[in-house]
Amino acid sequence: MHTNSHPLFRRFPLGGLKSTTCGMLPVPYHIYDGHALFMGGTANPDAVRRVLVTEDVHPVVNQDGKALMGVWVIDATNASLGAHLELQFSIIVSHQPIEPVSAHPLAILELLMFNPDVRLLCHGLWNSTDTVVMYNREVLALNATLTHGKITRDPKQQIKMFHFTDSNGALIFSGKVSELAHTPSKIVRSLMRLMGVRKFFQAANEDCLESQVVNPIGILPFNADAQAYIMNDQQTLQFFNRQTDTLEFGHVLYRPLQFQAQFMEHMNGFKFVYLNMHNAADKAHSAGVNGGTAELNR
C-alpha cells in the first residue's frame, strides 16, 4: 500500500510512467517502508582501481591509502515497484580527484553529508524481483541483476542475518551482524570529534539525508548523477565488531576488494526516493553521444 502522505513523498511524488520490459512503471522510485543496513569501510585501493578502470570517476582514498566503500542490505517491505530486497556495493568516488580524506572510521558519513564532490558509485546491484531489476536497468542505467535473497532479524538477540545468491545458487554476499536497540554513546562522541560541534549538530538536525549516486558505464557510455533521499523513523549507528560481526563475499569481482567494514547504520521505517539522472543529457553531449539517453527516456 502506498503511503504518499509522508513529507518526503509529498516533496517528490510519483510523476508519471516509464515504458520498460516489465510494462509501464511509475517514476520516481519510492520505498515507503522497510529496514535497511548500510555498512561503511575500506577496501584495497589497487583492487578498487582495477574495478574502476572502465569508469570515468576516481576512488576516494583516506590518509592511510585505503579506498572507501559501502554495502547496502535493504528489505523494502512497501515500495512503488512492490516489495523487494536489494543488495548494493557502492564505491565512494568523485568526478575529479580529491585529496585523501580522514582515516577516521566514520569518515564516509561526514563525506556524504558535507562534501559536494563525493558520489556513491552503484557498481554492484542485485534485486529480488524482475520488475525492480528491469526498472533499475532501463530507467536508471544501473547494472542490476536478479538475486535470491533472505534477510532475517532477531530483535531479542539483536542480530540481523542476510544471504544473497545468484540465479545459479552461487553465493554473492552473506553476513551476520549485531543490531543494537540504541546508538552507543561512544560512537556519538567519536562522530562529534570527527565533525566538530557545529557540523555534528547540523547533521543531527537534518531530517533527510541527501546523496548523489552515479551509474556505472555500461548501459550508458558515461557516468551520470542521480539524486537520492533517505528518511528513517529510527536509526542506530554502531561500530562494526570483527569479534562478533561476520561478512562473506562470494562474488569473484568483489571478493578481491577485501572490504573491511568499520561501522554500521541500521535504519527502521526506511523511506527512500531515487530520482532520475539529472545530468544525463549534459554527460551525453560532452561525451559526443547522439541520443545517448533516448532509450532511458522512452
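In the block above lies the structure referred to throughout.
Quantities reported herein were computed from a predicted structural model and do not represent experimental measurements. (Residues numbered from 1 in each chain as written. Predicted model: local features only at pLDDT ≥ 70, side-chain atom pairs only at ≥ 80, totals over all residues. Heavy atoms only, no water.)

Asks: Would you mind showing me how to read the environment of M192 here?
Replies: You can see M192 is positioned in helix α5 (residues 185-195). Accessibility expressed as a relative area gives 28% for M192, which makes it partly exposed. As for M192 and Q235, which are separated by 43 residues in sequence, their C-alpha atoms are 17 Å apart. Other than its neighbours up to four places away in sequence, M192 contacts V197, F200 and F201. (Helix = DSSP H or I, 4+ residues; strand = E, 2+ residues; numbered from the N terminus. Buried < 20%, exposed > 50% of the residue type's maximum accessible area, 1.4 Å probe, protein only. Contact = heavy atoms within 4.5 Å.)

Asks: Can you help me understand the sheet that holds strand β10 (residues 159-165) in this one?
Replies: Within a sheet, each strand pairs with its neighbour through backbone hydrogen bonds, oriented either parallel or antiparallel. Spatially, the four strands line up as an open sheet ordered β9-β10-β11-β15, and their pairing is antiparallel. Looking at strand neighbours, the two that pair on one side only are β9 (148-154) and β15 (246-249), the edges of this open sheet. Pairwise comparison of adjacent strand axes, ignoring direction, gives a mean angle of 5 degrees for this sheet. (Pairing = 2+ DSSP bridges. Axes fitted to C-alpha atoms, helices over the stretch in contact; angles between N-to-C directions.)

Asks: Even after reading the chapter, I still don't get the side chain of D75, so can you show me in this structure?
Replies: Relative to the helices and strands, D75 resides in strand β5 (residues 67-79). Here D75 is buried and forms no salt bridge, its nearest opposite-charge partner R153 lying at an N-O distance of 7.0 Å. Not counting residues within four places of it along the chain, the set of residues in contact with D75 comprises D33, G34, H35, H84, L85 and I151. (Lys, Arg positive; Asp, Glu negative; His and termini not counted. Salt bridge = Lys/Arg side-chain N within 4 Å of Asp/Glu carboxyl O.)

Asks: Is there a simple way to think about empty space enclosed by the protein in this case?
Replies: Rolling a probe over the atoms, with the probe sized like a water molecule, indicates the empty space that remains. In this structure the tally under the stated criterion is one cavity of 30 Å³ or more. One number sums up the size of the largest cavity: a volume of about 190 Å³. If you trace the largest cavity, you find 18 residues lining it, with E86, Q88, V213, F272 and Y274 closest to the centre. Looking at the lining of the largest cavity, the elements that each hand over two or more residues are β3 (29-43), β5, β6 (84-94), β7 (118-127), β12 (209-214), β13 (225-231) and β17 (271-277). Counting residues per element, the lining of the largest cavity draws most heavily on β7, which supplies three residues. The class makeup of the residues in the lining of the largest cavity is 14 nonpolar, three polar and one charged. (1 Å grid on protein atoms, 1.4 Å probe; cavity = no way out; pocket = protein on both sides within 12 Å on 5 of 7 lines; lining within 4 Å. Points joined across faces, edges and corners; volume = space filled by probe spheres on them. Nonpolar A, V, L, I, M, F, W, Y, C, P; charged D, E, K, R; others polar.)

Asks: I would appreciate a short explanation of the nonpolar core in the present structure.
Replies: For soluble globular proteins, nonpolar side chains are generally found buried alongside one another. In this structure, Y29, I31, Y135, L191, F270, F272 and Y274 are the most contacted members of the largest nonpolar core, which totals 54 residues. Broken down by element, the residue count for this core peaks at five residues, all from β5. Counting residues in hydrophobic clusters, the runner-up holds 34 residues, among them A43, F164, F249 and L257. (Core = buried A, V, L, I, M, F, W, Y, C linked by side-chain atoms within 4.5 Å.)

Asks: Honestly, the packing of aromatic side chains in this entry has me stumped. Any pointers?
Replies: Two numbers describe a pair of aromatic rings. These are the distance of the centres and the angle of the planes. Applying the stated criterion to the full structure yields 17 aromatic pairs. Aromatic side chains F272 and Y274 sit 6.2 Å apart centroid to centroid with 65 degrees between the ring planes, which places their arrangement in the edge-to-face category. Neither residue differs from the other here; F272 and Y274 are each classed as buried. What links up through ring pairs into an aromatic cluster is the set F89, W126, F162, F173, F249, Y254 and F259. (Phe/Tyr/Trp six-rings, centres within 6.5 Å; stacked < 30°, edge-to-face > 60°.)

Asks: I tried to follow the pairing of strand β16 (residues 260-268) on my own but got confused; where do I start?
Replies: Successive residues of a regular strand alternate their side chains across the two faces of the sheet. Counting buried positions along β16 gives eight out of nine residues, so the element sits mostly inside the fold. Examined bridge by bridge, β3 and β16 share eight bridges and lie antiparallel to one another. The residue of β16 that forms the bridge with G41 is A261. Examined bridge by bridge, strand β14 (residues 234-239) and β16 share six bridges and lie antiparallel to one another. Opposite Q235, over in β16, you have M267 as the bridge partner.

Asks: Would you explain the pattern of salt bridges in this entry?
Replies: When charged atoms on two side chains of opposite charge get close, those side chains can pair. With the rule as written, the count across this model stands at five salt bridges. For R153, the salt bridge is made with E179, and the minimal N-O distance between the two is 2.6 Å. Taken together, the residues R153 in strand β9 and E179 in the loop between β11 (171-178) and α5 connect sequence positions 26 residues apart. The exposure class of E179 is buried, given its relative accessible area of 10%.

Asks: Just to check I follow, could you spell out the pairing of β5 for this structure?
Replies: With respect to burial, β5 is a largely interior element, twelve of its 13 residues being buried. Pairing between β3 and β5: twelve bridges, direction antiparallel. The partner of A36 across the bridge, within β5, is I74. Sheet topology note: the β5/β6 ladder contains eight bridges and is antiparallel. Paired with V73 across the bridge in β6 is L87. Hairpin connection from β5 to β6: four residues lie between these consecutive antiparallel strands, with G82 at a positive phi of about 90 degrees.

Asks: Got a minute to help me understand unusual backbone geometry in this structure?
Replies: The bulk of non-glycine residues show a negative phi, and the bulk of peptide bonds are trans. A cis amide bond links V27 to the next residue, P28, at an omega of -5 degrees. You can see P28 is positioned in the loop between β2 (23-27) and β3. Even without glycine at this site, A141 takes up a positive phi of about 60 degrees. A141 gets classed as buried once you look at its relative accessible area, which sits at 1%. Residues other than glycine seldom take positive phi values, yet Q258 does so here, at roughly 55 degrees. Among the structural elements, Q258 can be located in the loop between β15 and β16. Residue Q258 is classed as partly exposed on the basis of its relative accessible area of 48%.

That's the geometry; what it means functionally is another story.
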